Amino acid sequence: MPKKRKIKLALLDMYDNAPNEGMRCLREYATQLNGSVEWKEFNVRAKDEMPGEDYDIFLSSGGPGSPFDGDGKAWEKKYFDLLDHIWSHNQNDPDRKKYMFAICHSFQMLSRHFALGNICTRRSTAFGVFPVHKTENAKHDNYFRGLPDPYFVVDSRDWQLIEPDLEHMHELGANILAIEKKREHVPLPRAVMAIRLSPEICMTQFHPEADAQGMLRHFAKPEKRSIIIGHHGEWKIEDMIRSLSDPDKIPLTHKEILPTFLRTSVHALEESEK
């Protein structure tokens, strides 16, 4: 009997060498996988690193700056070529698919590349722990159905996807899974917060990998703490610490979405070898 090949997981670092907790969280998810999975990091924006076509699963991180920062740069072309390869492979190879989860900055990059709607700046920075609301599709989606409605997420961004092109999304087979919290006093469109682009590709504008350990360490940095207090007030930090310690808020999101994605993807790839 031929030996089963290892499942290969690529961690796509989109932080452009900026300090972050996101990659630590993604590494922790990767190290918890079974022995049939080998993984490697790729510093996409800072070093033009990109995985080869033999990789099976891709976790693409958040990151700083505009989703248009890479326009005309080599790394962006490589990244978009990778997206096209994953999409084309899944359309043409019915047996062994490729799986991807895109977070925050990567969500914005995929939204651009697949022309999902209006990618624009927010009127003000979104930073904190917020409720997001599930769509009807999310209530039946494997990665999200175990979460309440609303569920709580860590949100940190200056950009957003609004005015989704629903006709084009329907053509792609994409579904919106979450939208921004209700803001009765703000007459602005609510941003799209999660999309199932295809059965194999999922993306969130928020940070499902965020954990209490990383966020509390983030708040402990004097420069970060002073920025948060200056923009939002002391209450913002206190409110976030309460949400981080509540097992039904951020800890639940952390242990539900990405672990389910990885578990489901690995299982499907293992089954394809039988």
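Up top is the structure these notes are about.
From a predicted model like this one, the values you see are computed outputs, not experimental measurements.

1. Points about the pattern of salt bridges
Per the stated rule, a full pass over the model turns up 16 salt bridges. Note that Glu21 is salt-bridged to Arg24, the shortest N-O span being 2.8 Å. Considered together, Glu21 and Arg24 belong to a single accessibility category, that of buried residues. A salt bridge links Arg157 to Asp155, with the nearest nitrogen and oxygen atoms 2.7 Å apart. By the burial criterion, Arg157 is buried, and Asp155 matches it. Here the salt bridges share partners, and the residues they tie into one network are Arg5, Asp56, Arg96 and Glu273.

2. Brief notes about the packing of helix 3 (residues 74-92) against helix 4 (residues 105-113)
Running from N to C, helix 3 and helix 4 cross one another at 75°; their axes reach a closest spacing of 11 Å. It follows from the interaxial angle that helix 3 and helix 4 lie roughly perpendicular. Residue-level contacts link Trp75, Glu76, Tyr79, Phe80, Leu83 and Asp84 of helix 3 to Ser106, Met109, Leu110, Arg112 and His113 of helix 4. When the residues that make up the contact of helix 3 with helix 4 are grouped by side-chain class, the tally is 6 nonpolar, 2 polar and 3 charged.

3. Here's the deal with unusual backbone geometry
A cis geometry characterises the amide bond from Asp149 onward to Pro150, with omega recorded as 0°. Mapping Pro150 onto the fold places it in the loop between strand 5 (118-134) and strand 6 (151-162).

4. Overview of helix 3
In this model helix 3 runs 27 Å from its N-terminal to its C-terminal C-alpha over 19 residues, within 8% of the 27 Å that 1.5 Å per residue would give. Buried within helix 3 are the following residues: Trp75, Glu76, Tyr79, Phe80, Leu82, Leu83, Ile86, Trp87, His89 and Asn90.

5. Looking at the packing of aromatic side chains
Tallied over the entire structure, the rule returns 8 aromatic pairs. A centroid spacing of 6.4 Å and a plane angle of 50° characterise the contact between Tyr79 and Phe80, whose relative ring orientation is tilted. Of the two residues, Tyr79 and Phe80, both sit in the buried class. Residues Tyr151 and Phe206 carry aromatic rings whose centres are separated by 5.9 Å and whose planes lie at 75° to one another, so their mutual orientation is edge-to-face. Of this pair, Tyr151 sits in strand 6 while Phe206 is found in the loop between strand 9 (201-204) and helix 6 (212-220), placing the two residues 55 residues apart along the sequence. Ring pairs connect the aromatic residues Phe101, Tyr143 and Phe261, which therefore count as one cluster.

6. Quick word on the sheet that holds strand 8 (residues 192-196)
The strand order across the open sheet built from 9 strands is 2-1-3-4-9-8-7-5-6, with neighbouring strands paired in mixed fashion. A strand with exactly one partner marks an edge of an open sheet, and here the two such strands are strand 2 (37-43) and strand 6. Averaged over all pairs of adjacent strands, the angle between strand axes in this sheet comes to 20°, irrespective of strand direction. Relative to strand 6, strand 5 runs antiparallel, the two being bridged by 11 bridges. Paired with Gly128 across the bridge in strand 6 is Asp155. This element, helix 4, spans strand 3 (57-60), strand 4 (99-103), strand 5, strand 6, strand 8 and strand 9 of the sheet and lies at about 110° to strand 4.

7. With respect to the side chain of His254
Among the secondary structure elements, His254 is positioned in helix 9 (residues 250-272). The residues touching His254, leaving out its near neighbours within four places in the chain, are Tyr29, Pro208, Glu209, Ala210, Asp211 and Pro259.

Conventions and cut-offs
- Residues numbered from 1 in each chain as written.
- Predicted model: local features only at pLDDT ≥ 70, side-chain atom pairs only at ≥ 80, totals over all residues.
- Heavy atoms only, no water.
- Salt bridge = Lys/Arg side-chain N within 4 Å of Asp/Glu carboxyl O.
- Buried < 20%, exposed > 50% of the residue type's maximum accessible area, 1.4 Å probe, protein only.
- Axes fitted to C-alpha atoms, helices over the stretch in contact; angles between N-to-C directions.
- Helix = DSSP H or I, 4+ residues; strand = E, 2+ residues; numbered from the N terminus.
- Parallel < 35°, antiparallel > 145°, perpendicular 65-115°, else oblique.
- Contact = heavy atoms within 4.5 Å.
- Nonpolar A, V, L, I, M, F, W, Y, C, P; charged D, E, K, R; others polar.
- Expected span 1.5 Å × (residues − 1).
- Phe/Tyr/Trp six-rings, centres within 6.5 Å; stacked < 30°, edge-to-face > 60°.
- Pairing = 2+ DSSP bridges.

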